[in-house]
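Structural characterization, general
Here is what each chain is made of, one letter per residue.
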Amino acid sequence: MMRCKSPLLLMSVLLSVLRIHVLAQNSAKTVDSEGHQWWQHAVFYEIYPRSFADSNNDGIGDLSGITSKLDYLKDLGVDAIWISPCFPSPQVDFGYDVSDYENIDPMYGTLADFDTLAASAKKHNVRIILDFVVNHSSDQHPWFIDSKSSRTAAHRDWYIWRDGKGSAPPNDWTSIFGGSAWKLDATTSQYYYHFFYAQQPDLNWRNPAVKDAMFDVTRWWYKRGVSGFRLDAVDTLYEDTNLKDNPVLPGKNAFGDPNEERKFNTKLPEVHEALRGLRKVTDEYNGVLIGETWTADIAELNLYYGAGNNELQLPMDFLFTTVNKLSPAEFRKQIAAVNSAAGWPTFVISNHDIVRSYDRYGDGEHNDPIAKLMAALYLTLRGTPIMYYGEEIGMKTTPPTRKEDVKDPIGRSGWPKEKGRDGERTPMQWDESDNAGFSKAAPWLPVPPTAKTHNVADEAKDGESILTFYKKVLKLRHTNKELLDGSYVPINQNDQNVLSYLRVYQDQAVLVALNMSGTTQKVNFELKKNGFASAKSLVATGQSSSSGDVVTLDPYGVFIGQLMR
Ligand code: NOJ
Ligand code: CA
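Residues numbered from 1 in each chain as written. Chains lettered and ligands numbered in written order. Predicted model: local features only at pLDDT ≥ 70, side-chain atom pairs only at ≥ 80, totals over all residues. Heavy atoms only, no water.

Attention now goes to the packing of aromatic side chains. By the definition in use, this model includes 32 aromatic pairs. On the basis of an interplanar angle of 25 degrees and a centroid distance of 6.2 Å, the ring pair of Trp173 and Trp182 is categorised as stacked. Side by side, Trp173 and Trp182 carry an identical accessibility label, which is buried. Through successive ring pairs, a cluster of aromatic residues spans Tyr101, Phe132, Trp143, Trp158, Tyr222, Phe229 and Tyr285. (Phe/Tyr/Trp six-rings, centres within 6.5 Å; stacked < 30°, edge-to-face > 60°. Buried < 20%, exposed > 50% of the residue type's maximum accessible area, 1.4 Å probe, protein only.)

Around the calcium ion (ligand 2), the donor atoms from the protein are Asp54 (OD), Asn56 (OD1), Asp58 (OD), Ile60 (O) and Asp62 (OD), and they sit 2.2 to 2.3 Å away. Coordination of the calcium ion (ligand 2) draws on donor residues from a single chain, spaced D-x1-N-x1-D-x1-I-x1-D in sequence. (Donors = N, O, S within 2.8 Å, 3.2 Å for Na, K, Ca; no water.)

Taken together, Asp93, Tyr96, His136, Phe177, Phe196, Arg230, Asp232, Glu292, His352, Asp353, Arg421 and Arg425 are the residues near ligand 1. At 2.7 Å, a side-chain N or O of His352 approaches an oxygen atom of ligand 1. Starting from 300 Å² of accessible surface for ligand 1 in isolation, the protein chains cover 98%. Assessed atom by atom at 2 Å from the grid points, ligand 1 resides in the largest pocket. In terms of residue class, the shell around ligand 1 is made up of three nonpolar, two polar and seven charged. (Near = heavy atom within 4 Å. Polar contact = N/O pair within 3.5 Å; in protein donor to acceptor, adjacent residues only side chain to side chain. Areas by Shrake-Rupley, 256 points an atom, 1.4 Å probe, with all protein chains shown as cover. 1 Å grid on protein atoms, 1.4 Å probe; cavity = no way out; pocket = protein on both sides within 12 Å on 5 of 7 lines; lining within 4 Å. Sits in = over half its atoms within 2 Å of the grid points. Nonpolar A, V, L, I, M, F, W, Y, C, P; charged D, E, K, R; others polar.)

Residues Trp415 and Pro416 are joined by a peptide bond in cis, for which omega reads 0 degrees. Of note, Pro416 is situated in the loop between helix H13 (409–413) and helix H14 (456–461). For Leu243, which is not glycine, the phi dihedral falls at a positive 50 degrees. As for its placement among the helices and strands, Leu243 is situated in the loop between strand S7 (228–232) and strand S8 (248–252). (Helix = DSSP H or I, 4+ residues; strand = E, 2+ residues; numbered from the N terminus.)

Glancing now at the nonpolar core. Within the largest apolar cluster, 135 residues are counted, with the highest numbers of intra-cluster contacts made by Phe44, Tyr45, Phe331 and Leu377. For this core, the leading source of residues is helix H12 (residues 367–380), giving nine residues. Excluding anything up to four places from it in sequence, Leu377 contacts Phe320, Phe331, Ile335, Leu499, Tyr501, Leu514 and Met516. (Core = buried A, V, L, I, M, F, W, Y, C linked by side-chain atoms within 4.5 Å. Contact = heavy atoms within 4.5 Å.)

What follows is about the pairing of strand S21 (residues 558–564). Most of S21 is tucked away: six of the seven residues are buried. Relative to S21, strand S16 (residues 508–515) is paired through five bridges, and the arrangement is antiparallel. Its bridge partner lying in S21, Val510 is registered against Gln562. Summarising the sheet, strand S18 (residues 534–540) and S21 pair through six bridges and their orientation is antiparallel. (Pairing = 2+ DSSP bridges.)

The geometry of helix H7 (residues 208–223) relative to helix H8 (residues 271–284) is characterised by a closest axis approach of 10 Å and an angle of 25 degrees between their N-to-C directions. In terms of axis orientation, H7 runs roughly parallel to H8. Helix-helix and strand crossings are classified by hand; for H7 and H8 the assignment is right-handed. Contacts between H7 and H8 involve Lys211, Phe215, Thr218, Arg219 and Tyr222 from the first element and Glu273, Ala274, Gly277, Leu278, Val281, Thr282 and Glu284 from the second. For the contact of H7 with H8, the per-class residue count stands at five nonpolar, three polar and four charged. (Axes fitted to C-alpha atoms, helices over the stretch in contact; angles between N-to-C directions. Parallel < 35°, antiparallel > 145°, perpendicular 65-115°, else oblique. Left-handed = near helix turned anticlockwise from the far one by under 90°.)

Now for the layout of surface pockets. Put simply, the largest pocket is a space of about 870 Å³. Residue composition of the lining of the largest pocket, grouped by class: 14 nonpolar, eight polar and 14 charged. Taken as a whole, the second largest pocket holds about 460 Å³ of empty space. Around the second largest pocket sit 20 residues that line it, and Lys122, Asn125, Val126, Arg127 and Ser227 are the ones nearest its centre. (Points joined across faces, edges and corners; volume = space filled by probe spheres on them.)

Turning next to the confidence of the model for the chain. When pLDDT is low, close inspection of the predicted coordinates is not appropriate. Residue-level pLDDT values for the chain average 94, and 95% of them are 70 or greater. Note that residues 1–26 has pLDDT below 50 and, in this model, eight contacts with residues that lie over four places away or in other chains. (pLDDT = per-residue confidence, 0-100.)

Under the definition given, this model contains 26 salt bridges. Note that Glu270 is salt-bridged to Arg206, the shortest N-O span being 3.1 Å. Note that Glu270 is positioned in the loop between strand S9 (258–260) and H8 and Arg206 in the loop between strand S6 (190–193) and H7, a separation of 64 residues in sequence. Between Arg425 and Asp353 there is a salt bridge, with its nearest N and O atoms 3.2 Å apart. Taken together, the residues Arg425 in the loop between H13 and H14 and Asp353 in the loop between strand S12 (346–348) and helix H11 (357–361) connect sequence positions 72 residues apart. The structure contains a network of salt bridges with shared partners spanning Asp93, Asp353, Asp408, Arg421 and Arg425. (Salt bridge = Lys/Arg side-chain N within 4 Å of Asp/Glu carboxyl O.)

Over its 14 residues, H8 extends 21 Å from the first C-alpha to the last, a length consistent with the 20 Å expected when each residue adds 1.5 Å. Of all 14 residues in H8, 10 are buried; the element is thus mostly enclosed. Listed as buried for H8 are Val271, His272, Ala274, Leu275, Gly277, Leu278, Arg279, Val281, Thr282 and Asp283. The first or second residue beyond H8 is Asn286, which carries a positive phi of 55 degrees. (Expected span 1.5 Å × (residues − 1).)

Another aspect to go through is the sheet that holds S6. Whenever strands of a sheet pair, they do so through backbone hydrogen bonds, lying parallel or antiparallel. If you trace the three strands from one edge of the open sheet to the other, you get S4-S6-S5, paired in antiparallel fashion. Both outer strands of the open sheet, strand S4 (161–162) and strand S5 (182–185), are each paired with one neighbouring strand and no more. One ladder, built from four bridges, connects S5 with S6; its direction is antiparallel. In the strand pairing of S6, Trp182 is matched with Tyr193.

And the structure:
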């Protein structure tokens, strides 16, 4: 027991204990003896609300549709859902153009429907994460309507307005969605800045009033029961005040614009101050901030955790998605990098902006075993996984084949080089009926033909399906201490076919062996030499199994086993 010789020392010890206690209460309610917080143990699941479940049969998914699927999500092993924007919006960018941050778009329901969803989610022990579009609003937001009305309007400085250079825009910056990033507005004869579509004017985060208003938005939703936010496009929050031209790179992009290094309008250091502010509010509610962070390397990712982890708890590691083929060496490198990062890793393999993992890694012949392999990988690593709806049943990216069918505007302006993002946003495949059980009406995007072979109803009955495999791994992940809290220990690092690692907690270890090749592999793990008698199978695919020191893996097979003494 600690003895304190002087009353002063006693006082200071008491004070520091008290301070730690208050801090822990405010910001970091832990869920285990390792000091982990809820978002470190949770499995997140992204829902693109237009495409998940349509309750009123108008062809578009909605909040009540999500509520109706909470049993499914809970049973799958999901702890938190991130709902892509469901706020009032002209839907130019399908909700990423918000015209009211504190309401629900009638297309998705009402605030009452949100409250019903939140209440039911709470009963299911599923948390709700909203998508906060911080960089820009819709041009139909009252703030922008006022801002453009005159040079002296109350909200003029809430957006970025500049004079042109003669008849040209203020500088050479191009929108990531094509064309100049500046649009001349006739009312005041000035240009406004938009990193994305012209209907998505950038907010001016240098204006303290903007910051306060945005912080208040998060408070408003926290009070309504949400547990955090996925912050959209954080890289683009600030721009160089002198509007320096960006360096031009060789070649042109899909929209015919010169390539550029977005040096003066992305990843400016000022973004971190804004994130620290958002984090302070988040900590008041024991919430989580997930970041859409397109970082070039781990050094950049580290910046988003913040010094002392006071910015984003979960900046997404998209570098993981840059491993485009099943290469143990590449994944090893990437996993090691993110494990050396300053904060807790976050793994994403698909989302509403990129090709689904099913196609990225599938070889056209073994896509289903490969989908299971990828599940085993990112669900057994040390870190928080963020799933994407439909990944658990092997949904395939199904882009439109004709320009006239494209819904995503960038697919129309960039056709045929850029086909847009419709392919990864198709309706969830619930069953093999005509509209895949998504809606009784024709869905806003066509149901892919693979709904007949890959759907929830059929896969739930099939012990060998991708869905059943996801459920098994997710169940293990929630109950196995090594997978929850263990360190990541790479082994057999020279194997070119099999990616193997241990998750080690105290004196226990789980072995994960993933065959990234199309041939059967036998791997000798020298268990006995290392003090273990055997590896007891916890989850495995096909005939993959262990015997003594050796694990035999089917082509693209998975073996997850408990090391026994
Ligand atoms: C990133 C979102 O994920 C994407 O869908 C959207 O188009 C842009 N940000 C603009 O908000
Ligand atoms: Ca609907």
